[in-house]
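Each chain, letter by letter, is given below.
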Amino acid sequence: MAIAISTVSSPLGPPACEKDAKALQFIEEMTRNVDSVQKKVLAEILSRNANTEYLQRFKLRGGTDRDTFKSKVPVVTYEEIQPDVQRIANGDRSPIFSSHPISEFLTSSGTSAGERKLMPTIQEELDRRQLLYSLLMPVMNLYVPGLDKGKGLYFLFIKAETKTPGGLLARPVLTSYYKSDQFKTRPYDPYNVYTSPNEAILCVDSFQSMYTQMLCGLLMREQVLRVGAVFASGLLRAIRFLQINWQTLVKDIAFGTLNTRVSDPSIKECMSKILKPNPELAEFIIKECESQNWEGIITRIWPNTKYLDVIVTGAMAQYIPTLDYYSGGLPKACTMYASSECYFGLNLNPMCKPSEVCYTIMPNMCYCEFIPHDPVNPATISRDSPPRLVDLADVELGKEYELVITTYAGLCRYRVGDILQVTGFHNSAPQFKFVRRKNVLLSIDSDKTDEAELQNAVENATQILRPYDTSVIEYTSYADTTTIPGHYVIYWELLTKDSNNSPSQEVLNKCCLAMEESLNSVYRQCRVADNSIGPLEIRVVEKGTFEELMDYAISRGASINQYKAPRCVNFTPILELLDSRVISVHFSPTAPHWTPE
């Protein structure tokens, strides 16, 4: 049964300016009339795409109502639509999913059979994404006054893009946005000024881009009111970059020069207008950076910072303690909920604690349905037993759901793979906490590794052990975020039949690399191009360690009959037990193979 919601609005608060007033009014209107907006969105999508090949397969005969749609169109995963996606990628320009031409593919960090998913999109989706971006600062201004009096130091990057055989661009959603006219020629907004020039953000070389953005952030240190990156891992990478490169940066600041490693002509031209010798600032940075103590470094260098703007929900929550260390516990604002498939909603209380972050889905972005999710007994879904899907207006407080979307670009009843929990309502709009991605075992940055992929990587690596009559008896893993960048740690218990022929350090290092070569292209790009993941580590543990692990689990109430070794661990006592039994440590000797293609 749906919870009855009062539609009497509680306005968000007094706007900072007239432009903000319109944005806040828009949020109020959308969240008051969730169900009617959703009906309208579905009817628009179905009528405009009525003649597409995909919808015609299900014989809707022009029907645009919910009942017809739900009774005829199946719920699907990426694997089920992948053959049609591939046709578009190969050059088929007929209206398969959308009546509007597919403008490009957005590459999802979720993977399919170890490779990026290709999400077809249309030109007008850029305007829809821009609309959601335009709502973020009006909400933030309600909580943090005076953001028009300074700038934001944001570390923003584009990633490599490629072309499909049919000639369409394939690239991550943020790369698409930063390279769009909507971003590059955005109108001046005093509440949303960045220290980083567009030329630095749009430089594909990660060193040149990071160096320039950090240099600009240091030069304008007193104007910086907020510091951010897309993910928490990205901001920590920037701090690590400063730790490694501060001496070179100081030299450029002192003499008004630009490091010769920054060779991009457009960056050099824009920096020539910004750089002037500033020995006083250089001295200040030397004093802050030369000591071994980097606690509170963000507020020491950028003393006017009011908050960090980073995603710290889901897998990113593991970085909160490190962010607190470097920032002196500054508030962390998670402003938006989005994916490659669609942008969904925003956080109407962005200065809340990370553990309390919830997102209000804007009902105009796409048509949303929800599969009730039981964390203890997750439902298996097949064409023969279609699930009972719940509409956005009918979700219940406290319950968990898997998100299913129908988009203007032509995705129909598509399972995004996000598990969400209803935490409250704004007007009649539900607010959701992001619980987790389905089936994701390990994640450091934008990578997502599931259990099957990890198993495959271990199996491939164990081939190297065969000549030494050695096998992996048991294994588990965890994402180590105490290093910057973070990296995967795999615990192996080995059985070696002949101690005189046991695998050497070099052989086990090769096993690390073999595992990395087996992981998906998103992981390998993070390792090779983005430097956002460090080399994979294998820790070999003593014989009997996993039996001890089982004893520990049973002592805490696990069933001896149903116990199986966890493939990923993050419970401190278990990690301490494993680490106390480590007999050797090994790392990948080189980076795995990766190219944009």
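What counts, and where the lines are drawn
Residues numbered from 1 in each chain as written. Predicted model: local features only at pLDDT ≥ 70, side-chain atom pairs only at ≥ 80, totals over all residues. Heavy atoms only, no water. UniProt positions renumbered as here; feature names shortened; annotations may be inferred. Helix = DSSP H or I, 4+ residues; strand = E, 2+ residues; numbered from the N terminus. Contact = heavy atoms within 4.5 Å. Areas by Shrake-Rupley, 256 points an atom, 1.4 Å probe, with all protein chains shown as cover. Axes fitted to C-alpha atoms, helices over the stretch in contact; angles between N-to-C directions. Parallel < 35°, antiparallel > 145°, perpendicular 65-115°, else oblique. Left-handed = near helix turned anticlockwise from the far one by under 90°. Nonpolar A, V, L, I, M, F, W, Y, C, P; charged D, E, K, R; others polar. Pairing = 2+ DSSP bridges. Disulfide = S-S within 2.5 Å. Buried < 20%, exposed > 50% of the residue type's maximum accessible area, 1.4 Å probe, protein only. Expected span 1.5 Å × (residues − 1). Polar contact = N/O pair within 3.5 Å; in protein donor to acceptor, adjacent residues only side chain to side chain. Salt bridge = Lys/Arg side-chain N within 4 Å of Asp/Glu carboxyl O.

- In the nomenclature of an unreviewed UniProt entry, the protein chain is known as Indole-3-acetic acid-amido synthetase GH3.1 of Nicotiana tabacum.
- You can read under Sequence similarities (unreviewed entry) in the UniProt record for the protein chain the words "Belongs to the IAA-amido conjugating enzyme family."

Concerning the overall build of the protein chain
Part 1: Across its full length, the protein chain holds 20 helices and 22 strands.
Part 2: Seen along its three principal axes, the alpha-carbon backbone of the protein chain occupies a region of about 75 × 65 × 50 Å.
Part 3: Expressed as a percentage of contacts within the protein chain between residues at least 6 apart in sequence, the contacts between residues at least 24 apart total 70%.
Part 4: Of the roughly 25500 Å² of accessible surface on the protein chain, 51% is carried by carbon and sulfur atoms.

Some thoughts on the environment of Q292
Part 1: As for its position among the elements, Q292 is in the loop between helix 13 (279–289) and helix 14 (297–301).
Part 2: Separated by 186 residues in the primary sequence, Q292 and L106 have C-alpha atoms spaced 42 Å apart.

A closer look at the packing of helix 11 (residues 232–255) against helix 13
Part 1: The geometry of helix 11 relative to helix 13 is characterised by a closest axis approach of 8 Å and an angle of 160° between their N-to-C directions. With respect to helix 13, the axis of helix 11 lies roughly antiparallel. Considering the relative orientation of helix 11 and helix 13, their crossing is left-handed. Of the residues in helix 13, those touching helix 11 at L242, W246, V250, I253 and A254 are P279, L281, A282, I285, I286 and C289.
Part 2: Looking at the contact of helix 11 with helix 13 residue by residue, the class counts come to eleven nonpolar, no polar and no charged.

Examining the sheet that holds strand 22 (residues 582–587)
Part 1: Pairing is mixed in the open sheet, where four strands are placed in the order 19-20-21-22. Looking at which strands have only one partner, the edges of the open sheet turn out to be strand 19 (470–480) and strand 22. Strand-to-strand twist of the sheet, defined as the mean angle between neighbouring strand axes without regard to direction, takes the value 25°.
Part 2: Sheet analysis places strand 21 (residues 537–541) next to strand 22, joined by five bridges and oriented antiparallel. The residue bridging I538 from the neighbouring strand is H586, located in strand 22.

Examining the state of the cysteines
Part 1: Applying the stated criterion across every chain, the model contains zero disulfides.
Part 2: Cysteine C366 is unpaired, with the sulfur of C368 as its nearest cysteine sulfur at 3.7 Å.
Part 3: On the basis of relative accessible area, C366 is assigned to the buried category, the value being 2%.
Part 4: Between C412, a free cysteine, and C366, which holds the nearest cysteine sulfur, the sulfur-to-sulfur gap is 11 Å.
Part 5: C412 sits in the buried class, given a relative accessible area of 5%.

Notes on unusual backbone geometry
Part 1: The omega torsion of the bond from I484 to P485 falls at -5°, within 30 degrees of zero and hence cis.
Part 2: With respect to the element layout, P485 can be found in the loop between strand 19 and strand 20 (487–496).
Part 3: Even without glycine at this site, R61 takes up a positive phi of about 50°.
Part 4: Among the structural elements, R61 can be located in the loop between helix 3 (53–56) and helix 4 (66–72).
Part 5: Despite not being glycine, N427 has its phi angle at roughly 55°, a positive value.

Considerations on the packing of helix 10 (residues 206–219) against helix 11
Part 1: Helix 11 packs onto helix 10 with a crossing angle of 70° between their chain directions and a minimal axis gap of 9 Å. In terms of orientation, helix 10 lies roughly perpendicular with respect to helix 11. Every pair of crossing elements has a handedness; the one defined by helix 10 and helix 11 is right-handed. Counted together, F207, M210, Y211, M214, L215, L218 and L219 of helix 10 and R237, A238, F241, L242, N245, T248, L249, D252 and I253 of helix 11 form the full contact between these two elements.
Part 2: Residues belonging to the contact of helix 10 with helix 11 are distributed by class as follows: twelve nonpolar, two polar and two charged.

Concerning helix 10
Part 1: The end-to-end C-alpha separation of helix 10 is 20 Å, in line with the 20 Å expected for 14 residues at 1.5 Å each.
Part 2: Judged by how many residues are buried, helix 10 sits mostly within the fold: twelve of 14 residues are covered.
Part 3: What helix 10 keeps buried is the set F207, Q208, S209, M210, Y211, T212, Q213, M214, L215, C216, G217 and L218.
Part 4: Its side-chain oxygen at 3.1 Å from the backbone nitrogen of F207, D205 defines the N-terminal cap of helix 10.

Here's the deal with the pattern of salt bridges
Part 1: Summed over the entire model, instances satisfying the criterion amount to 35 salt bridges.
Part 2: As a salt-bridge pair, K40 and E44 come within 3.5 Å of each other at their nearest N and O atoms. Of this pair, K40 and E44 both sit in helix 2 (residues 34–48), four residues apart, which is roughly one turn of that helix.
Part 3: Between E161 and R171 there is a salt bridge, with its nearest N and O atoms 3.1 Å apart. Of this pair, E161 sits in the loop between strand 3 (151–155) and strand 4 (162–163) while R171 sits in strand 5 (residues 169–171), and the two are ten residues apart along the sequence.
Part 4: E161 gets classed as partly exposed once you look at its relative accessible area, which sits at 27%.
Part 5: Connected through shared salt-bridge partners, D35, R66, K70, E369, D391 and R413 make up one network.

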